[in-house]
Amino acid sequence: MALLSVNDLSISFGGLKAVSDFNLKLQKNDLAGLIGPNGAGKTTVFNMLTGVYLPSAGDIQLDGKSLVGLKPYQINHRGVARTFQNIRLFSDLTVIDNLKIAYHSHAKYGLFGAICRLPGFYSGEKEMHEKSMELLKIFKLDHKYGELAKNLPYGEQRRLEIARAMATQPRLLLLDEPAAGMNPQETHELMGLIRWIREEFDLTILLIEHDMSLVMGVCENIFVLDYGQIIAVGTPDEIRNNRRVIEAYLGEEAS
Amino acid sequence: MMSMFERKIKKQIGILLILAAFWGVIDFMIKGGIINPYYELNLILIGINIILAVSLNLINGFNGQFSIGHAGFMAVGAYGAAMITLKAHLPFAIALLFGALLAGICGILVGLPTLRLRGDYLAIATLGFGEIIRGLIVNIDYIGGAYGLSGIPKLANWTWIFWLTVLTVLVISNFVNSTHGRATISIRENEIAAEAMGINTTKYKVMAFTIGSLFAGLAGGLHAHYFYTIQPNTFNFLKSFDILVMVVLGGQGSITGSIIAAIALTILSASLQKLAALRLVIYALLLIVVMLFRPQGLMGTKEFSFSMFSKKSKDKEGKQHGTAIGQ
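To start, this report covers the structure provided alongside it. (Residues numbered from 1 in each chain as written. Chains lettered and ligands numbered in written order. Predicted model: local features only at pLDDT ≥ 70, side-chain atom pairs only at ≥ 80, totals over all residues.)

**Examining the overall build of chain A**
The criterion, for reference: By definition, any uninterrupted DSSP run of H or I lasting at least four residues is a helix, any uninterrupted run of E lasting at least two residues is a strand, and each is numbered from the N terminus. The globule rule used for comparison is 2.2 Å times the number of residues to the exponent 0.38, while the radius of gyration itself is calculated over C-alpha atoms. Once C-beta atoms are placed from the backbone, any two residues with those atoms within 7 Å are in contact.
Secondary structure summary: chain A contains 10 helices and 10 strands in total. For 255 residues, the compact-globule estimate of 2.2 N^0.38 gives 18 Å, and chain A sits close to it at 19 Å. With respect to the three principal axes, the spread of C-alpha positions in chain A is 65 × 40 × 35 Å. Long-range pairs, those at least 24 residues apart, make up 65% of the contacts in chain A between residues at least 6 apart in sequence.

Structure, rendered in structure tokens:
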């Protein structure tokens, strides 16, 4: 059974149909890309998948259970985590606090234990600290754990956002333009990192990206969106040679 | 793991001993007449103001929800507690607990609908709540109406107020320096991201608002049982603004900042009492100067701690939300 299956998903804002009859299936451990020109509705799809927008029609199922109507935090508890196109870190907090906040739903002590400082509080905090440090190590941010998130360079902020999403221990990771603002070297490293976390955490990943080297380099399956509708689905090679895609999006550059 | 716990316990006992010594010395001086009633009154006011400022800081500073109805919750606590000792003749501790819980329940009732609002809208809604409470009290003759309640037994004293102030600071700082506190702070930082990272933002907003209201109610109960008499006008919006000023001046998101500001402003307004009309001018000027030169407040979001001086760069982790208080 597919891990994520989206059926005929649509949403309108007033009279504008931003996304219509969007269909998508992701098997466990897939690494897929969602591309399309600006304004095609890619982020809108992400916002519906994560509960920010309520779709006007259609269904979203994760492991056979519908996500429609759930609040964003509930969808996160079901195992969906995301990053944002415009970075949304807790910028006045430290790097490690950003991760600890994401670990919150897995915290091992309650409100009473925290206020009374029961032994469980200290062991719970220690565990959260260690887990956060482990994750920071993977994302090569461990030496900056005490820095404020806003003081990190742009590429590191992007990495931190992915690390933070990973701290919620998701099954499905949605990355909204993870390489935006990165230089070619950083993008290359990011590709390796995305592949690596998928294997290491047995993760399913769907990513939006404008950087074609990244999309073509890591994605096994690509969905192309234009004017709110899927116009093509296929492997990078198929997409590269698809006439409709070239017309809609890639233009002469790819042909 | 256990040794860390034991070390923390030892540190806590140390802090407790220092606090007990401070309480004992002041208590001895009050009883021996070394501290005259005027200074005692100001010590009491400082304690009550610390409770009010720290609890409002949880809502405004840490959770980032701009509330200016804190005096309303204080009024609920004051009247609630006074009812228990005046009409039901129950012990003081029960009265304080009742007043605080009543204010906490009001916090939930007010918080649930209004915390959907943001920024200035929330401010207006909470301001409205404070005035509604005052209006209700004025119109209920059973609790004294516009004349207020008098003859409340003077049960609050230095001991009660000192230890309850300590308790307030301890509970709120323990809350803030935990995963629940981080969840609360994440809402201030970025609500959309917090929600996407699995934080039930409504729950934590209402929780912070409720805990804040609860302690405002506690302060109200102490106030009522120290000053014998309470009037609805004591808890008008100017009182809310007084508390807000302490929070903003001390730094929104700094518990020690609120404590310092509560102490400083209480002393300042007491010492300016003789100047009468000029008092408000000086008070306002001071605020303007602080806001011009330190818009983030005296402490910003940092906490004052003695380790700030000894190992400045070593302990980066506790930098943001210092672990100095009560741990």
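So, next bit.
**Section: the sheet that holds strand 9 (residues 221-226) of chain A**
Residue and element names in this part refer to chain A. Applicable threshold: Here the rule is simple: two strands pair whenever DSSP picks up at least two bridges between them. Geometry is summarised by axes, namely lines fitted to C-alpha atoms with helices restricted to the contacting stretch, and by angles between N-to-C directions that run from 0 to 180 degrees.
Taken in spatial order, the six strands make up an open sheet running 6-7-8-3-9-10, and their pairing is mixed. In the strand order of this sheet, the two ends are held by strand 6 (80-82) and strand 10 (229-234), each with one partner. Put simply, the sheet's adjacent strands are angled 20 degrees from each other on average, direction ignored.

**Re the interface of chain A and chain B**
This is how it is decided: When residues are sorted by character, Ala, Val, Leu, Ile, Met, Phe, Trp, Tyr, Cys and Pro go into the nonpolar class, Asp, Glu, Lys and Arg into the charged class, and all the rest, Gly among them, into the polar class.
Taken together, the contacts link 34 residues of chain A with 29 residues of chain B. Elements with a minimum of two residues in the side of chain A that touches chain B: helix 2 (72-78), helix 3 (95-102), helix 4 (111-115) and helix 5 (119-138) of chain A. In terms of residue count, helix 5 of chain A provides more of the side of chain A that touches chain B than any other element does, six residues in total. In the side of chain A that touches chain B, the residues fall into 16 nonpolar, 10 polar and eight charged.

**Quick look at the packing of helix 3 of chain A against helix 7 (residues 179-189) of chain B**
Inclusion rule: Small angles under 35 degrees read as roughly parallel and large ones over 145 as roughly antiparallel, with 65 to 115 read as roughly perpendicular and the rest as oblique.
Packing of helix 3 of chain A against helix 7 of chain B leaves a shortest axis separation of 9 Å and a crossing angle of 105 degrees. The orientation of helix 3 of chain A relative to helix 7 of chain B falls into the category roughly perpendicular. Here Asp 97, Lys 100 and Ile 101 of chain A of helix 3 of chain A come into contact with helix 7 of chain B, specifically with Thr 179, Arg 182, Ala 183 and Ser 186 of chain B. Considered class by class, the residues forming the contact of helix 3 of chain A with helix 7 of chain B number two nonpolar, two polar and three charged.

**Considering the environment of Thr 168 of chain B**
Tracing the chain through its elements places Thr 168 of chain B in helix 6 (residues 158-176). Put simply, Thr 168 of chain B and Leu 214 of chain B are 46 residues apart on the chain and 10.0 Å apart in space, counted from C-alpha to C-alpha.

**Observations concerning the pairing of strand 10 of chain A**
The side chains of a regular strand alternate between both faces of the sheet. Residue and element names in this part refer to chain A. Summarising the sheet, strand 9 and strand 10 pair through five bridges and their orientation is antiparallel. Paired with Ile 222 across the bridge in strand 10 is Gly 234. Between the end of strand 9 and the start of strand 10, which pair antiparallel, lie two residues, with Tyr 227 showing a positive phi angle near 45 degrees.

That's the geometry; what it means functionally is another story.
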